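Structural characterization, general
So the chains spell out like this:
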Amino acid sequence: MGEVLSGVGMSISFDAGAAQALALDRLRKAAPEAPLAELELASRWLVEAELLGLPDFGIGMLRRDLGRLAAGSSLAQQAEPPGPVSDAPTASIDASGRPGILALARATAVAAQRATTNGSAIVGIRGAGALGVLGLAARELAEQGFVAFLAAQAPPIVAPWGGTHAVVGTNPIAIAVPRPDTPPLVVDYATAPATMAALRRHRAEGRALPAGLAIDADGAATTDASRLAALVPASLLGSLTGLVVELLAGVVTGGRGAADGTRGAILIAVDASGTGAADVAAGAARFADEWQAAGGHLPARFDALPTRTSTLAEQPAPTARVALDESTAEWLGLGADATGGVR
């Protein structure tokens, strides 16, 4: 998932296994009723986002999301009971009162279980906070043999192509397909030219936005982040893709229009042997070769991550090191002296 905005600050390098253990502890305290497997999966995704160089979707994101929940009503009162209530191929998860990334872990577990039973599954999420990197959930399902599709709508910040005010979110999308003897092929991108996290940084730091990225409340182009009223889509195609995500992940799931800024998402898992593919992994590998032979770029960002059968603590340095800003490290409980952190 690309991003045209960035920020620079002091960071400290820590062991990924230690960071995951502390993130797991934070999640367990926030949602003690959640199954351990889902807590572990969510905490792993947080650290893997850091390893991918996407800190806006890592442990700092969890910190912000828990702050959002703390400012609202009780987690315990609103959290959905764990476990699917049926084996139907469709399901809906109310994510109100739980961290967004934990809602995504719940949806992933439900989708895998129901796709195993039915050959496919569609799971909707509504009322979710920050979901993290969708490609990690798609990859998790692909490593189990499924073809996975995920999309999430977000609070409005993007104008339609040629439009004058925000109507859809940055609306990320991810697809993952198994491949033989190699990590799944994961395609993960946002349908907007920048993320909300990057915009927040530019506003906080008073830095100018790139030209052509934003418009103000009057619909005029602006590079002043404090005057930003909407992002301009990168293209007509990106705008239409954002519209499709809004329909599927927002309208279809009941997530569209939440007054509290939460979002909806949709997750689809398919056993391709039931949709006509004799060997979907081999087919994906052949197509990937054809794509590259034609001069195409094949996404490989997720390939460096350990497989789901390996723990982060087992990975050799520097693979198992994450760089956290000092404030986030302190919030998580990671002290440089105690963990071997290196500035």
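Residues numbered from 1 in each chain as written. Predicted model: local features only at pLDDT ≥ 70, side-chain atom pairs only at ≥ 80, totals over all residues. Heavy atoms only, no water.

This paragraph deals with the pairing of strand E5 (residues 173–179). Burial within E5 is extensive, with six of its seven residues counted as buried. Across six bridges, the pairing between E5 and strand E6 (residues 182–189) is antiparallel. Considered in E6, the bridge of Ala176 is made with Val186. Between E5 and E6, which pair antiparallel in sequence order, lie two residues; one of them, Asp181, sits at a positive phi of approximately 55°. (Buried < 20%, exposed > 50% of the residue type's maximum accessible area, 1.4 Å probe, protein only. Helix = DSSP H or I, 4+ residues; strand = E, 2+ residues; numbered from the N terminus. Pairing = 2+ DSSP bridges.)

Turning our eyes to something else, we now look at the sheet that holds strand E9 (residues 230–231). Sheet architecture is open: three strands sit in the order E8-E7-E9, paired in antiparallel fashion. Two strands in the sheet have a free side with no partner beyond their single neighbour: strand E8 (221–222) and E9. Of the strand pairs in this sheet, strand E7 (residues 214–215) and E9 are connected by two bridges, and their pairing is antiparallel. Bridging from a neighbouring strand, Ala214 pairs with Leu231 of E9.

Our focus in this paragraph is a nonpolar patch on the surface. A contiguous nonpolar patch, built from Trp161, Leu236, Leu240, Leu243, Leu247 and Val251 and spanning about 580 Å² of accessible area, is present on the exposed surface. What makes Trp161 partly exposed here is its relative accessible area of 47%. (Patch = residues over 30% accessible without salt bridge, like charges linked within 9 Å, V, L, I, M, F, W, Y side chains within 5 Å. Areas by Shrake-Rupley, 256 points an atom, 1.4 Å probe, with all protein chains shown as cover. Salt bridge = Lys/Arg side-chain N within 4 Å of Asp/Glu carboxyl O.)

Generally, phi is negative for residues other than glycine and the peptide bonds are trans, each holding for most cases. Not every positive phi belongs to a glycine, and Asn171 is a case in point at roughly 45°. Structurally, Asn171 can be placed in the loop between strand E4 (147–152) and E5. One non-glycine residue with positive phi stands out, namely Asp181, at about 55°. With respect to the helices, strands and loops of the structure, Asp181 is situated in the loop between E5 and E6.

Its place among the elements puts Thr191 in the loop between E6 and helix H7 (196–205). Under the relative-accessibility criterion, Thr191 is labelled buried at 8%. From its side chain, Thr191 meets the backbone oxygen of Thr170 in a polar contact 3.0 Å long. Within polar-contact distance, the side chain of Thr191 engages the backbone oxygen of Asn171 at 3.1 Å. Those residues in contact with Thr191 that lie beyond four places of it in its chain are Gly169, Thr170, Asn171, Gly238, Thr241, Gly242 and Val245. (Polar contact = N/O pair within 3.5 Å; in protein donor to acceptor, adjacent residues only side chain to side chain. Contact = heavy atoms within 4.5 Å.)

Taken as a whole and judged by the stated rule, the model has one aromatic pair. Note on Phe287 and Trp291: the rings are 6.0 Å apart at their centroids and 55° apart in plane angle, and the pair reads as tilted. With a gap of four residues between them, Phe287 and Trp291 both fall in helix H9 (residues 280–293), about one helical turn apart. Residue Trp291 is classed as partly exposed on the basis of its relative accessible area of 41%. (Phe/Tyr/Trp six-rings, centres within 6.5 Å; stacked < 30°, edge-to-face > 60°.)

With that settled, the discussion passes to the packing of helix H1 (residues 16–30) against helix H2 (residues 36–51). Helix-helix packing: each pair is described by the crossing angle between the helix axes and the interaxial distance. Look at H1 against H2: their axes get within 8 Å of each other, and the N-to-C directions meet at 130°. Classified by the angle their axes make, H1 and H2 are oblique. Of the two elements, H1 crosses H2, and the hand of that crossing is right-handed. Of the residues in H2, those in contact with Ala16, Ala19, Gln20, Ala23, Leu24, Leu27 and Arg28 of H1 are Leu36, Leu39, Glu40, Ala42, Ser43, Arg44, Leu46 and Val47. Within the contact of H1 with H2, the residues separate by chemical class into 10 nonpolar, two polar and three charged. (Axes fitted to C-alpha atoms, helices over the stretch in contact; angles between N-to-C directions. Parallel < 35°, antiparallel > 145°, perpendicular 65-115°, else oblique. Left-handed = near helix turned anticlockwise from the far one by under 90°. Nonpolar A, V, L, I, M, F, W, Y, C, P; charged D, E, K, R; others polar.)

When you tally the buried positions in E4, you get five out of six residues, the bulk of the element. Sheet analysis places E4 next to strand E10 (residues 263–270), joined by six bridges and oriented antiparallel. The partner of Leu150 across the bridge, within E10, is Leu267. Pairing analysis gives four bridges linking E4 to E5, with the strands arranged antiparallel. Within the sheet, the bridge partner assigned to Phe149 lies in E5 and is Ile175.

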